[in-house]
Amino acid sequence: MSLDKVSMGRRVLLGSAIVLLIWSFFSWNGVGGCLGTFCVSVTITAWHGWGTAMGIVLIILILWEAILLVQILSPDAFKLPELPVKPMLISLALGALTVLFGVIRVFEYGARKWEIWIALLILIALAAGVYLRFQEEGGTAAAK
């Protein structure tokens, strides 16, 4: 089993998706303050509002790409059934939805912490991975 068969687009897409999933449990928004000796701090992870949709689609994207990765690394393990669309288009749709919901989530609440800007960079890397993967499969010509 060699990772030489795995394309750069798939590596970037799957790697950034896994990093985004881990990073989604960090606090993206937060506010706090003290009144004398009484201090209160409230933080929000990515799993609020549109972030919930982002997280669900992200998990589906990771599982889908993992299935395709296993099929590349071990083609005799199992075969995908005949699908009405190409597997690349499913990856494209899931990746685009993840990026869309993620960007909406970044700008959804105020009191942004520094972690949210790292999440935005990870979303950009995910978008680049989706684009690379789409181009490696032939781009718009292969989508027809």
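Above this text you will find the structure in question.
Quick caveat: nothing in here was measured; it's all calculated off a predicted structure. (Residues numbered from 1 in each chain as written. Predicted model: local features only at pLDDT ≥ 70, side-chain atom pairs only at ≥ 80, totals over all residues. Heavy atoms only, no water.)

S.K.: Just give me the short version of the packing of helix H1 (residues 8–23) against helix H4 (residues 114–136), but keep the residues and values in it.
M.R.: With their axes 7 Å apart at the nearest point, H1 and H4 run at an angle of 155° to one another. Our classification of the angle between H1 and H4 gives roughly antiparallel. In the packing of H1 onto H4, the handedness of the crossing is left-handed. Looking at the contact of H1 with H4 residue by residue, the classes come out as 16 nonpolar, three polar and four charged. (Axes fitted to C-alpha atoms, helices over the stretch in contact; angles between N-to-C directions. Helix = DSSP H or I, 4+ residues; strand = E, 2+ residues; numbered from the N terminus. Parallel < 35°, antiparallel > 145°, perpendicular 65-115°, else oblique. Left-handed = near helix turned anticlockwise from the far one by under 90°. Nonpolar A, V, L, I, M, F, W, Y, C, P; charged D, E, K, R; others polar.)

S.K.: Explain the nonpolar core residue by residue, including any values.
M.R.: By size, the foremost hydrophobic cluster in this structure holds 28 residues, and its most contacted members are Ala17, Leu20, Trp28, Met54, Leu61, Val106 and Leu126. Going through the elements one at a time, H1, helix H2 (50–73), helix H3 (87–106) and H4 are the ones with two or more residues in this core. With nine residues, H2 is the largest single contributor of residues to this core. Setting aside its immediate chain neighbours within four residues, Leu126 contacts Leu13, Ser16, Ala17, Leu20, Leu61, Thr98 and Val99. (Core = buried A, V, L, I, M, F, W, Y, C linked by side-chain atoms within 4.5 Å. Buried < 20%, exposed > 50% of the residue type's maximum accessible area, 1.4 Å probe, protein only. Contact = heavy atoms within 4.5 Å.)

S.K.: Pulling in residues and values, what's your account of unusual backbone geometry?
M.R.: When glycine is set aside, most residues are seen to have a negative phi, and most peptide bonds are trans. A positive phi is found at Ala111, a non-glycine position, where the angle reads about 55°. Along the chain, Ala111 falls in the loop between H3 and H4.

S.K.: If you had to explain H4 to someone new, which residues and values would you point to?
M.R.: Taking 1.5 Å of rise per residue, the 23 residues of H4 would be expected to cover 33 Å, and the 34 Å separating its terminal C-alpha atoms lies within 8% of that figure. Of all the residues in H4, the buried ones are Glu115, Ile116, Ala119, Leu120, Ile122, Leu123, Leu126, Gly129, Val130, Arg133 and Phe134. One or two residues past the end of H4 sits Gly138, with phi positive at roughly 115°. (Expected span 1.5 Å × (residues − 1).)

S.K.: Requested: an account of the pattern of salt bridges, with residues and values cited.
M.R.: Within this structure, the stated rule accounts for three salt bridges. Arg133 is the salt-bridge partner of Glu137, the closest N and O atoms lying 2.9 Å from each other. Bridged by salt links that share partners, the residues Arg10, Glu65, Arg133 and Glu137 form one connected network. (Salt bridge = Lys/Arg side-chain N within 4 Å of Asp/Glu carboxyl O.)

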